[in-house]
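Given next are the chains, with one letter for each unit.
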Amino acid sequence: MKATQEADGLCNFLQCRGNVTEDCQPAFKRCLLQWFHPSLPWLQLFPRIQGDVKLQSTHELDPQCCTALQDEWRESFRSVYHLLRSERCPFFYLCAAHFSVVFRVKGMGGVGALHALITPSTKGLRDSLAREGVQFSMPYTAHSNNLSSSTATVPTEFPMPLSPNKEKAGEISVAERQVENEDTDGQDADGHALSGSDKAAPHDWLESLGLDTKAFPTLDPNHIALQKLKAAHIDDRPESMLLITGLPNVHALFNYLLNSKTLVPNVGAHAGVPPTILSPRAFEGATLKCLKAHYSVVQKSQDKGRNSREMEHSHCVDISGPLLPNQLIQLCQLLNTTQEGNYSVTLTTHRPMVAFNCSMVGEDSHVTESDATRQGVTQETLQSLAKRGNEKMNGLGLREILCREHQYRWA
């Protein structure tokens, strides 16, 4: 790529000129750019969830440096959130050590209100959000219309846990039989002792009102203990994803994250480092990052019949780093033009964030050109972002895109 082409791509990105007629090289450069915070070149700041890998800190930050980083991060978080609220940014990601959050404007993913998604979650996180008044639902649990995690039921869409140390899905049925067929041994789902009055309290209260306890099976103590046990088994799994909708709840989540002291780890390679923010639009304190791209030519032997083989040349571009949804859409649009509608894309989805790729309840939203201009993307890109996820992606994430004669297939 020539210096002038690289400069053109950079200028088009900074000026949000995604709909201009440009050569393929500047367009490719534009597709690789994103905004990032914080910027610490000696640390890998994505992904932040490292599973069971224990990272050792080789660059310890002194307390004053950590305080300065966190103060600057709060200002950056406020800035990008205000952009989102004013619909100047379609979405942004916040990646912490134990969970990731994506904030999205109304209409993204088929959700008709300002909303946020959190994955994976734990009972502790859900209880903490509930105490702060953040109402949420768990869309990937069966019949989950509740705003509390204690009554969620376990779904079957996601067969694999995120962590190999977590309980396997098959163990849930064993636990169910134990709770259904045996007494709870005087303990609740958290292991605390239950007195006889605590067990019978809901039934006694109903009887005092002259109501039949059989008409309210959900108040049965054994049923409550079973539901709590089920909720504990979905921790750190894709189906534990939380959906927070509406400005009051999203703003309450913003305040919770802004003031939470648990977002910044105290040990490990990221000790004292605030969460990573990724955004397609510039915000206060953001650093412009370019994903790394490596070009190569791969030779493959192709059978032509009658003992003859022919060498086929495939041109490959490896892109490393966090590829945002708008970047993937723009790259596919570019390849569709330059490769005459014949190409394939292989993707590696960050496992803890696979739930973001799955379908949501809602309908595809219609976007206008003014919406796209205000949010700094093309109307075609924004329209693709406004579509609800495909149900076939549940539990898998997007792994491959195959385009043949401008017709798409994916897996």
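Above: the structure in question.
Remember, predicted model here, so these are calculated numbers, not experimental data.

## Points about the nonpolar core
Right, so step 1: Counting residues in hydrophobic clusters, the biggest one holds 64 residues, and the most contacted among them are Phe77, Phe103 and Leu253.
Right, so step 2: Considering every element that reaches this core, the biggest residue donor is helix H8 (residues 247-259), with seven residues.
Right, so step 3: Once residues within four sequence positions are removed from consideration, phenylalanine 77 is found in contact with Phe92, Leu94, Phe103, Phe254, Leu257, Leu258 and Ile277.
Right, so step 4: Counting residues in each nonpolar core, the second largest holds eight residues, with Tyr343, Val345, Leu398 and Ile401 among its members.

## Thoughts on the sheet that holds strand S7 (residues 287-290)
In a beta sheet, neighbouring strands pair by backbone hydrogen bonds and run either parallel or antiparallel.
Right, so step 1: With respect to topology, seven strands assemble into an open sheet ordered S5-S4-S3-S2-S6-S1-S7, the strand pairing being antiparallel. Strands at the two margins of the open sheet, each flanked by one partner only, are strand S5 (242-245) and S7. Across the sheet, the axes of successive neighbouring strands diverge by a mean angle of 25°, strand direction being ignored.
Right, so step 2: Each of strand S1 (33-37) and S7 touches helix H1 (residues 3-14); the most contacted strand, S1, lies at about 60° to it.

## Comments concerning the packing of H1 against helix H2 (residues 24-31)
Right, so step 1: Viewed as axis vectors pointing N to C, H1 and H2 meet at an angle of 50°, and their least axial separation amounts to 7 Å. Comparing their axes, H2 and H1 come out oblique. In this structure, H1 meets H2 at a crossing whose hand is right-handed. Contact residues: H1 offers Gln5, Glu6, Asp8, Gly9, Leu10, Asn12 and Phe13, while H2 offers Gln25, Pro26, Lys29 and Arg30.
Right, so step 2: The residue inventory of the contact of H1 with H2, partitioned by class, reads three nonpolar, four polar and four charged.

## A few points about a nonpolar patch on the surface
Right, so step 1: Where nonpolar side chains cluster on the molecular surface, the patch consists of Tyr295, Val297 and Val317 and spans about 280 Å² of accessible area.
Right, so step 2: Along the polypeptide, tyrosine 295 turns up in strand S8 (residues 292-305).

## A few points about H2
Right, so step 1: For H2, the complete set of buried residues consists of Pro26, Ala27, Lys29, Arg30 and Cys31.
Right, so step 2: Turning to H2, the residues buried within the fold contact H1, S1, S7 and helix H9 (325-338).

## Looking at the packing of helix H3 (residues 63-85) against H8
Right, so step 1: Between H3 and H8, whose axes approach to 11 Å, the crossing angle comes to 170°. By the angle class used here, H3 and H8 are roughly antiparallel. Listed contacts from H8 to Trp73, Arg74, Phe77, Arg78, Tyr81 and Arg85 of H3 are Leu247, Val250, His251, Phe254, Leu257 and Leu258.

What counts as what
Throughout this description, residue numbers start from 1 for each chain and increase along the sequence as written. Whole-chain, interface and lining totals are the exception, using all residues; otherwise, since this is a predicted model, local features are given only for residues with pLDDT of at least 70 and side-chain atom pairs are given and counted only at 80 or more. Calculated side-chain values reflect all of the structure's heavy atoms, with hydrogen atoms and water omitted. The definition of a nonpolar core used throughout is a set of buried Ala, Val, Leu, Ile, Met, Phe, Trp, Tyr and Cys residues joined through side-chain atoms within 4.5 Å. To sort residues, take the accessible area from a 1.4 Å probe on protein chains only and compare it with the maximum for the residue type: under 20% means buried, over 50% means exposed, and anything in between is partly exposed. The helix count covers DSSP runs of H or I at least four residues long, the strand count covers runs of E at least two residues long, and both are numbered beginning at the N terminus. Residue contacts follow a heavy-atom distance rule, with two residues in contact if any of their heavy atoms lie within 4.5 Å. The criterion for strand pairing is that DSSP finds at least two bridges linking the strands in question. Helix axes are fitted to C-alpha atoms over the stretch in contact, other axes to C-alpha atoms as well, and angles between N-to-C directions run from 0 to 180 degrees. For classification purposes, an angle smaller than 35 degrees is called roughly parallel, one larger than 145 roughly antiparallel, one from 65 to 115 roughly perpendicular, and anything else oblique. Should the near helix be turned anticlockwise from the far one by less than a right angle, the crossing is left-handed, and should it be turned clockwise, the crossing is right-handed. Three classes are used: nonpolar for Ala, Val, Leu, Ile, Met, Phe, Trp, Tyr, Cys and Pro, charged for Asp, Glu, Lys and Arg, and polar for all others, with Gly counted as polar. Here a patch means residues that are over 30% exposed by relative accessible area and free of salt bridges, tied together within 9 Å if like-charged and within 5 Å if nonpolar (Val, Leu, Ile, Met, Phe, Trp, Tyr). Using a 1.4 Å probe, accessible areas were evaluated by the Shrake-Rupley method; residue-level cover was limited to the displayed protein chains. Here, a salt bridge means any side-chain nitrogen of Lys or Arg that lies within 4 Å of a carboxyl oxygen of Asp or Glu.

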